[in-house]
Amino acid sequence: NHLTSRRVLTTEWVDGVKLADAPKDQIRDLIPVGVELFLTQLLDIGAFHADPHPGNLYVTEQGTLCLLDFGLCAEIDPQSRRAMTTAIVHLLNGDFDSLISKDAKDLGFLPHSLDVTELKPILTKILTEGLLESGSDLKTRKRKLMGISDELNDVFFKYPFKVPPFFALITRGLGL
């Protein structure tokens, strides 16, 4: 294959355009597809594309979203997938108590032995301000999250937080 070299493995040629260069209405239509694609990889399959930057997202001539370049992928074990699913449900329901006391421990962010009594009200305040009170406008939400980042940094340094290796790749994949 003339497209494969020592550093590049080409398995298939895909005709299309970069997602960022597609018409705005097509991008808008494909956003739910991309979200479902990422969540399916993450929560159902347990292996996900960890580098979906604009150059790796194409729209085919048929209008299908296509991921390219699987050079950076990660796996998540079934137990972590279950814990992440539970954490997402708790987050969406505003159940920060369970998110902090159980999910953060099950996902490996905090030691299971840690007493979170002192931590719960601090994180609940930060999560409420950053997520619930920031509205649905993405720019406003991002600005609000940036505003509480100093508070989060203080909490992360005061308490024994650890970021699981797979989670660093998830945040990269989400563009956070």
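All values derive from a computational prediction rather than experimental measurement. (Residues numbered from 1 in each chain as written. Predicted model: local features only at pLDDT ≥ 70, side-chain atom pairs only at ≥ 80, totals over all residues. Heavy atoms only, no water.)

S.K.: Which residues make up the packing of aromatic side chains, and what are the values?
M.R.: By the definition in use, this model includes 3 aromatic pairs. Pairing Phe38 with Phe48 gives two aromatic rings, centres 5.9 Å apart and planes at 75 degrees, and the pair type is edge-to-face. Taken together, the residues Phe38 in helix H1 (residues 24–45) and Phe48 in strand E2 (residues 47–49) connect sequence positions 10 residues apart. Taken individually, Phe38 and Phe48 each receive the classification buried, so the pair is uniform in this respect. (Phe/Tyr/Trp six-rings, centres within 6.5 Å; stacked < 30°, edge-to-face > 60°. Helix = DSSP H or I, 4+ residues; strand = E, 2+ residues; numbered from the N terminus. Buried < 20%, exposed > 50% of the residue type's maximum accessible area, 1.4 Å probe, protein only.)

S.K.: Please give an account of helix H2 (residues 78–92) that cites residues and values.
M.R.: The first and last C-alpha atoms of H2 sit 21 Å apart over 15 residues, in line with the 21 Å expected at 1.5 Å per residue. Of the positions making up H2, those classed as buried are Ser80, Arg81, Ala83, Met84, Ala87 and His90. Where H2 begins, the capping side chain belongs to Asp77, and its oxygen is found 3.1 Å from the backbone nitrogen of Gln79. Two residues or fewer after H2 comes Gly94, characterised by a positive phi angle close to 70 degrees. (Expected span 1.5 Å × (residues − 1). Polar contact = N/O pair within 3.5 Å; in protein donor to acceptor, adjacent residues only side chain to side chain.)

S.K.: Let's hear about the pairing of strand E3 (residues 57–60): which residues, and what values?
M.R.: Neither face of E3 is left uncovered, since the one carrying Leu57 and Val59 and the one carrying Tyr58 and Thr60 both have all their residues buried. Two strands pair when backbone bridges link them, and strand E1 (residues 16–18) and E3 are joined in this way by 3 bridges, in the antiparallel orientation. When the sheet's bridge partners are listed, Lys18 is paired in E3 with Tyr58. Across 3 bridges, E3 lies against strand E4 (residues 65–67) in antiparallel orientation. Bridged to Leu57 within E4 is Leu67. Connecting the antiparallel pair E3 and E4 is a turn made up of 4 residues, with Gly63 showing a positive phi of about 85 degrees. (Pairing = 2+ DSSP bridges.)

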